[in-house]
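As a plain string of letters, each chain reads:
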Amino acid sequence: MSTVDVETLRTALAELEDAKLRVRRDAERKLELYKGQVLEKLLPVLDNLERSIAAGEAAPGPWLDGVKLVHAQFLAALTEFGLERRSAVGDRFDPRLHDAVAVVPVPDPALDGVVVSETEPGYSVGDRVIRPAKVQVGRAAGRQYS
């Protein structure tokens, strides 16, 4: 075998290995994307379970214990697939992580631009935000809106 043939084979083998790595990376990215899409579709179910629990606290009964168990089981299953709840209260407002539903006056200037309450939690899978938290952001008294 000539040296040209050996070099051609080495080049072809290297290109094949590169192609395999590209295909594997693309498949992993698509899997993460689809996983995030499925988890995003399931978030309203989780929200409704949490609303049921909150409403049931006024008149607790054995049914409430059952709903809490279902909630815990559902949340555990979602967590196994990488779902993470992101707490926003106390954080500086970041439009990539938070969806401001209201601006509320705050007496302390240090709370200007800070999330003071959360009306709906935010969730992520890895580094990807699949739902920003719906929040109320503090605005210091006397500060003008821009």
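What counts and how
Residues numbered from 1 in each chain as written. Predicted model: local features only at pLDDT ≥ 70, side-chain atom pairs only at ≥ 80, totals over all residues. Heavy atoms only, no water. Helix = DSSP H or I, 4+ residues; strand = E, 2+ residues; numbered from the N terminus. Rg over C-alpha atoms; globule rule 2.2 N^0.38 Å. Buried < 20%, exposed > 50% of the residue type's maximum accessible area, 1.4 Å probe, protein only. Areas by Shrake-Rupley, 256 points an atom, 1.4 Å probe, with all protein chains shown as cover. Expected span 1.5 Å × (residues − 1). Arc of directions from axis to C-beta. Core = buried A, V, L, I, M, F, W, Y, C linked by side-chain atoms within 4.5 Å.

Caption draft 1: Quick peek at the overall build of the protein. Counting secondary structure elements, the protein contains two helices and six strands. For the protein, whose C-alpha radius of gyration is 24 Å, the value lies well above the compact-globule estimate of 15 Å for 146 residues. Dimensions of the protein, computed from the C-alpha atoms along their principal axes, are close to 85 × 50 × 20 Å. Here the protein holds 146 residues, and 25% of them are scored as buried. With an accessible surface of roughly 10100 Å², the protein has 60% of that area assigned to carbon and sulfur atoms.

Caption draft 2: Main features of helix H2 (residues 62–80). A rise of 1.5 Å per residue sets the reference length of H2, with its 19 residues, at 27 Å; its end C-alpha atoms lie 28 Å apart and thus fit the reference within 8%. Within H2, the full set of buried residues consists of Leu64, Val67, His71 and Leu78. Considered in projection along H2, the buried side chains sweep an arc of 60° and stay on one side of the axis. Exposed positions of H2 whose direction lies more than 90 degrees from the buried face are Pro62, Leu69, Gln73 and Glu80. Just beyond H2, the residue with positive phi is Gly82, at close to 100°.

Caption draft 3: Up close: the nonpolar core. Membership of the largest hydrophobic core is limited to eight residues, which are Leu39, Leu43, Leu46, Leu78, Leu83, Tyr123, Val125 and Ile130. Sorting the residues of this core by element identifies helix H1 (3–56) and strand S4 (122–125) as the ones contributing at least two each. Core analysis: the next-biggest nonpolar cluster, separate from the first, contains five residues, Ala88, Ala133, Val135 and Val137 among them.

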